[in-house]
Each structure stands twice: as structure tokens, then as C-alpha cells.
Amino acid sequence: MSFQLVIAEKPSVACSIATVIGADEKQNGYWQGGGYLVSWCIGHLVSFAEAGQYDEKYCKWKYEDLPILPQPWQFIVPDEKKQQFEIVRSLLNRPDVDSVTAATDAGREGELIFRFVYQMAGCTKPVKRLWISSMEDAAIREGFANLRPDSDYDALYQSALCRAKADWLVGINATRLFSVLYHKTLTVGRVQTPTLKMLVDRDAKILRFQKEKYYTVGIQSGSLKADSGRIADAETANSLKEKCTGANAVCTSIRREKKAEQPPKLYDLTTLQREANRLFGFTAKQTLDYAQQLYEKKLLTYPRTDSQYLTEDMGQTAQHLVSDLLGLLPFAQGLDLTPEVGRILNSKKVSDHHAILPTAEFVKQGFTGLAESECKLMNLVCSKLLCAIAAPHEYETVTAVFSCAGNEFTAKGKTVLVPGWKEIDQRFRSTLKADTEEEVLNTLPELAEGQSYSVVSDISEHFTSPPKAYTEDTLLSAMERAGSEDMPEEAERKGLGTPATRAAILEKLVQMGFVQRKGKQLVPTKDGINLAVALPESLTSPSLTAEWENR
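Nothing here was measured: the structure is a model prediction, and the numbers come from that model. (Residues numbered from 1 in each chain as written. Predicted model: local features only at pLDDT ≥ 70, side-chain atom pairs only at ≥ 80, totals over all residues. Heavy atoms only, no water.)

(A) Expanded view of the overall build of the protein. Across its full length, the protein holds 18 helices and 18 strands. Dimensions along the principal axes, computed over C-alpha positions, put the protein at roughly 100 × 65 × 40 Å. Buried positions account for 51% of the 551 residues belonging to the protein. Of the roughly 26,600 Å² of accessible surface on the protein, 50% is carried by carbon and sulfur atoms. Distance between charge centroids for the protein: 3 Å, based on 65 positive and 72 negative side chains. (Helix = DSSP H or I, 4+ residues; strand = E, 2+ residues; numbered from the N terminus. Buried < 20%, exposed > 50% of the residue type's maximum accessible area, 1.4 Å probe, protein only. Areas by Shrake-Rupley, 256 points an atom, 1.4 Å probe, with all protein chains shown as cover. Lys, Arg positive; Asp, Glu negative; His and termini not counted. Charge placed at Lys NZ, Arg CZ, Asp CG, Glu CD.)

(B) Structural context of helix α6 (residues 192-208). The end-to-end C-alpha distance of α6 is 24 Å, a good match for the 24 Å that 17 residues give at a rise of 1.5 Å each. Of the residues making up α6, those classed as buried are Gln192, Thr193, Pro194, Thr195, Leu196, Met198, Leu199, Val200 and Asp203. (Expected span 1.5 Å × (residues − 1).)

(C) Looking closely at unusual backbone geometry. Across the junction of Leu66 and Pro67, the peptide omega takes the value -5 degrees, indicating a cis bond. Looking at where Pro67 falls in the secondary structure, it is placed in the loop between β5 (47-48) and β6 (75-76). The linkage connecting Gln71 with the following residue, Pro72, adopts the cis geometry, with an omega of -10 degrees. Tracing the backbone shows Pro72 in the loop between β5 and β6. With phi around 55 degrees, His183 is a residue other than glycine that occupies positive phi space. Note on placement: His183 falls in the loop between α5 (154-182) and α6.

(D) Geometry of the pairing of strand β3 (residues 30-33). Going residue by residue along β3, you find Tyr30 and Gln32 tucked away on one face and Trp31 and Gly33 tucked away on the opposite face as well. Bridge count for strand β2 (residues 25-26) against β3 is two bridges, and the pairing is antiparallel. Bridge pairing links Lys26 to Trp31 in β3. Inspection of the sheet shows β3 paired to strand β4 (residues 36-40) by four bridges, in the antiparallel sense. When the sheet's bridge partners are listed, Tyr30 is paired in β4 with Ser39. Hairpin connection, β3 to β4: the antiparallel pair is bridged by two residues, and Gly34 has positive phi, about 60 degrees. (Pairing = 2+ DSSP bridges.)

(E) How the structure looks around the pattern of salt bridges. By the definition in use, this model includes 38 salt bridges. A salt bridge links Glu461 to Lys213, with the shortest nitrogen-to-oxygen separation between them at 3.5 Å. Residue Glu461 is found in strand β16 (residues 456-463), and its partner Lys213 is found in strand β10 (residues 213-221); the two are separated by 248 residues along the sequence. Judged by relative accessible area, Glu461 falls into the partly exposed class, the value being 46%. Glu340 serves as the salt-bridge partner of Arg343, at 2.8 Å between the closest nitrogen and oxygen. A relative accessible area of 27% means that Arg343 is categorised as partly exposed. Accessibility expressed as a relative area gives 38% for Glu340, which makes it partly exposed. (Salt bridge = Lys/Arg side-chain N within 4 Å of Asp/Glu carboxyl O.)

(F) Quick look at the packing of aromatic side chains. Overall, the coordinates contain 15 aromatic pairs when judged by the stated rule. Seen from their ring centres, Phe48 and Trp73 are 4.7 Å apart, and the 40 degrees between their planes marks the pair as tilted. Here Phe48 is found in strand β5, whereas its partner Trp73 is found in the loop between β5 and β6, with 25 residues between them in sequence. Site record: aromatic cluster; members linked through ring pairs are Phe48, Tyr54, Trp73, Phe75, Phe116 and Trp168. Its end group placed over the ring of Tyr214, Arg230 keeps NZ or CZ at 4.2 Å from the ring centre. A cation over an aromatic ring shows up here: Lys414 above the ring of Tyr395, its NZ or CZ 4.1 Å from the ring centre. (Phe/Tyr/Trp six-rings, centres within 6.5 Å; stacked < 30°, edge-to-face > 60°. Lys NZ or Arg CZ within 6 Å of the ring centre and 35° of its normal.)

(G) Spotlight on a nonpolar patch on the surface. Among the surface-exposed residues, Tyr63, Leu181 and Tyr182 lie close enough to one another that they form a single nonpolar patch of about 330 Å² accessible area. Classification of Tyr182 by relative accessible area gives partly exposed; the value is 42%. (Patch = residues over 30% accessible without salt bridge, like charges linked within 9 Å, V, L, I, M, F, W, Y side chains within 5 Å.)

(H) A look at the environment of Leu385. Considering the arrangement of structural elements, one finds Leu385 in helix α12 (residues 372-388). On the basis of relative accessible area, Leu385 is assigned to the buried category, the value being 1%. Sequence separation between Leu385 and Ala51 is 334 residues, and the spatial gap between their C-alpha atoms is 48 Å. Dropping the residues within four chain positions of it, Leu385 is found in contact with Leu266, Leu321, Val322, Leu325, Ile344, Leu357 and Pro358. (Contact = heavy atoms within 4.5 Å.)

(I) Here's a closer look at empty space enclosed by the protein. Under the counting rule described, the total for this entry stands at five cavities of 30 Å³ or more. Lining the largest cavity, in full, are Val13, Ile17, Ala103, Thr104, Asp105, Ala106, Leu130, Ile132, Met135 and Tyr295. Residue classes in the lining of the largest cavity are distributed as eight nonpolar, one polar and one charged. (1 Å grid on protein atoms, 1.4 Å probe; cavity = no way out; pocket = protein on both sides within 12 Å on 5 of 7 lines; lining within 4 Å. Points joined across faces, edges and corners; volume = space filled by probe spheres on them. Nonpolar A, V, L, I, M, F, W, Y, C, P; charged D, E, K, R; others polar.)

(J) Quick peek at the packing of helix α14 (residues 472-481) against helix α15 (residues 502-511). Direction vectors running N to C along α14 and α15 enclose 120 degrees, while the axes themselves pass 11 Å from each other. Classed by the angle they form, the pair α14 and α15 counts as oblique. You can see that α14 and α15 cross each other, and the crossing is right-handed. Residues Glu472, Leu475, Leu476, Met479 and Glu480 of α14 lie in contact with α15, whose contacting residues are Arg502, Ile505 and Leu506. Among the residues making up the contact of α14 with α15, the classes are represented as five nonpolar, no polar and three charged. (Axes fitted to C-alpha atoms, helices over the stretch in contact; angles between N-to-C directions. Parallel < 35°, antiparallel > 145°, perpendicular 65-115°, else oblique. Left-handed = near helix turned anticlockwise from the far one by under 90°.)

(K) Expanded view of the nonpolar core. Of all hydrophobic cores here, the largest spans 49 residues; its most connected members are Leu310, Ile344, Leu377, Leu380 and Leu386. Elements supplying a minimum of two residues to this core: α8 (269-280), α9 (284-296), α10 (315-328), α11 (360-365), α12 and α13 (421-430). Among the elements that make up this core, the one with the highest residue count is α12 (10 residues). Sequence-distant contacts of Leu377, that is, excluding residues within four places in its chain, are made with Leu272, Ala276, Phe282, Thr287, Tyr290, Ala291 and Leu294. (Core = buried A, V, L, I, M, F, W, Y, C linked by side-chain atoms within 4.5 Å.)

Put into C-alpha cells, the structure is as follows:
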């Protein structure tokens, strides 16, 4: 009898897959049954060798030994992973195994993890690829019914290999160079260094900021209030206030505009991390960890995605999900919603995985047995789906200009015409114990051009405000856009890192003592500032690594 060997990225995922395909006998380091053997890696089982393995002299850090450029590259299996590697290697080379299925995570790193193990084991058997976006039983079954040749993913593997080599070359050489030059360990990384530089630049802007005082004069008649705009000095402001008190203001123009705010897109990993940070104060890493747990519990689709759309064949699925969620979510009770699912379907904008969604499994079991943090995240994803397929938010703005004592004053008002998706968002936010800003609507009284009002006036002083320190939310957004000014429009991936790696980069900067968390803010430490200032621009500018990502 011959077997198909399936290799997953983690034990928990291997277990889920084994259950679905009927490999239910537990062996040492794998599952067996139904013509299948299912084993697993523990993250990266095989990694690039350290510099010292290429030559003994590299064990000491010396300026004259740089740069270190491995030719050919060497690989190692870390000691704590040797046992599992040996199990996987003997399975790959078992004479009764005639084909292999790569079931590591369906993304760039997952591809690398599998290929390194396969190559290091010296295996040449044919490989098929399992490519799924959800750990639900039905998705796993369907994935096995539609296995693809792994050669379809050669380019993905090549890009992962380039990424890994680039990180090694920049990390090893730049870290050694600057540590030797400055006589202390200065860790440099392809993505972490430009990210640190962004934090240091922002910090410097805040420190250098000089606040300036300015004044505004307001005029008021009954419920009508209008404002003069900025006035630099107190004298001018005072004299204007005196001239206006008891004077008449004439309405010189009224502009009404109807506007629509389109519904938000679905979540990719970065937008989910940003919003969870803004609403709940979760770090990017916490959000990724919770999302990964929910994915492995089959309640959420694959979280490490950079797409905010679904593929065009998912219309039916989305339709059913929405109607089921309306019954399940307390804040959605009694909503009058006509789902416009077409808006979230666009196959061209889905590369590896579609946007993050709750699964049919979640609809079945709801929030039972979930930790508070997981409930928060599930709620976020569900409410985003409902908002995304709801109607646009329509409103009318009114801008009225008044002339008084030879000066212009402006009043602005806003009325909502169709609440649309914002009603769902408001309902959802009112259930949160989180910092959410309520929007204050200002409704102007009935106005007519040429009408005259007798007014009282007042004066108020204000200060210009400094740039804000980065939070994980704003930093993730900045990382995503970094270097994009210098990138061609059609560039595929812009920015620093990928959705899957940004969280780990931030954690690493904090661990190494270059950045600290102050509440929600991320602030560079003295060491972080010194490092960023010492390095040349090619290492601290995001455009180099953004260009590499893109190429």
C-alpha cells in the first residue's frame, strides 16, 4: 500500500487536516490513516547557517572580514528542532510514500518553510500544493479535491528566498560593520532600521516644534455661530471683536453640497491591526496572535492577507454569511439592510488570499467559549462585513459666509440624509467599552442670502499643535505607505515589510531596547535615536527595501 504524505506548518494545523482526511491514528510525530500520513514542521525547521559555519574566522567580528557573501548558501537544522526534522525526513524518504502534499500556510513564508525541508531531506518525489483560506472542514476537503502542482508556486518560493537572503545579508553585514565601528552592538535590519528611522524623525519633529498662539473671532446671533479664521496677533483680533459687537452681519453666500461617504472595505491584516489598536489598544502582534488562534479554531479565514476584497465566485457565500450574522449579532437586531455584495467582489484584487471574514463555522457556534479578546476581534470582523455591504452614508453640508465690519465669517452645518453604513458602525461602537469619538452634527437655522443679523462677538485664543507621536495604528499605516512616493504607480507591494511581518518587526524594536511603548504611543529610546542617526541613508530609507519587495 502506498501513502500520500501531507506536511503542515504546525502541529495544531496538522491535527485539523488529519481529522478531515481520515488520518486518525496517532504515531510518533505524525498521523496516519485513509492512505495518508500527516506530519508537521515547527515553524522554520531549516534555516540559513550562521556566518561562523562558513569560516571559523567569522566567529569574531572584524572589519576586514566584511562583507560576508555566502557562496553557496549553507543550511542548518537548529538543535531543538532536529527530532521533528528527522521524523519528517524519514517520512519523505519512506519507500511507500509516493507523493507529497505541501500544506504549510498558503503564503510566501509557508512556501519557503516547506521547500527548505524538502530540499534538505534530499527528496525528489512529486509535490502538490494545498492552498486554502480557511481551516473549516469544508475548505480543507475542497482544497484536497483541487490540489495544484507545487511548481505553480515557484515564483512565490523565489521571492521568499530573495527576501530571506536579503535579510541575512543586510542583517549580518550591516550589524557587524556598525557594531565594529561604534564599539557596541548595533543591530541593523532591512525592515526594522527604516521603521526605527520613521519613529526617530517623528520624535525630532515633535521636539523641535515651537507652538504658536493665534486667535479667532466668533460672531453669534441666536443659534447661529460663525468664525473668522486664524488671526495672528491679539490687537487685530480685539479691534475686530469691538467693531463687530452690536453690528449687523449680512449673509453673502450659501453653498449646499450633497455628499456620500462610501462604505469601508473589508479587513486585510494591516487594517485589522490598525483598528484593533485604535479601539482596544491591542498591539499589532496581539491582534495577529488572536486572529491566528481564531483561524485555527476555524472561526476566521486566513489572517495574513493583504487583500480587502473577495473573489467573484464568493458572492453566494457572502450573501448567506450576512443574513446569518444579522440574526446572530446583538447590535444588528432589527437592521433594515439590503446587502450590496457586488461591491466587495473583485478577483483582480485578490493575490494569495481574500479579505478576512468570519466563517460558517462561527455562525454555527457564535461567541461561546471565546476569550474576551477573541470576542472583540470577531465582533470587529463581523461589523466590518455588514458595513461593507450596506448603503453609502449620504449627507448635506451647508457653508454660509457672512460679512461683518468688512471681514468674512464662515458657518458650517451638516445634516444626514441617509445614515447607511454609519448606522451599523455607530450601533457596533456603542456596544464597545472603547475610545470612540461621537460625531457632533451642527444644524444651521434657515438662512437666506442678503439677510441681515445683529450679532454679539467673542474672541478665543488657540495654539498650533505639534505632530503626534506614532501609535501602532498610525505607524502600521506609515509602514504600509513608506517609500511609495518613489515607487512607480503599478508597483505591486509597497512599503516596509509585509502584512505578515510588520507586527514582529515592531516587537523586535521594543525587545532590543530601541523603541518603548508609552500607553498607545511608540517612542524611540536614546539608543534607538543614536543608532538611526549613525546609519547611512541607504539603510534607513524605506525606498530601498520597498524597491526590493516590489522587484
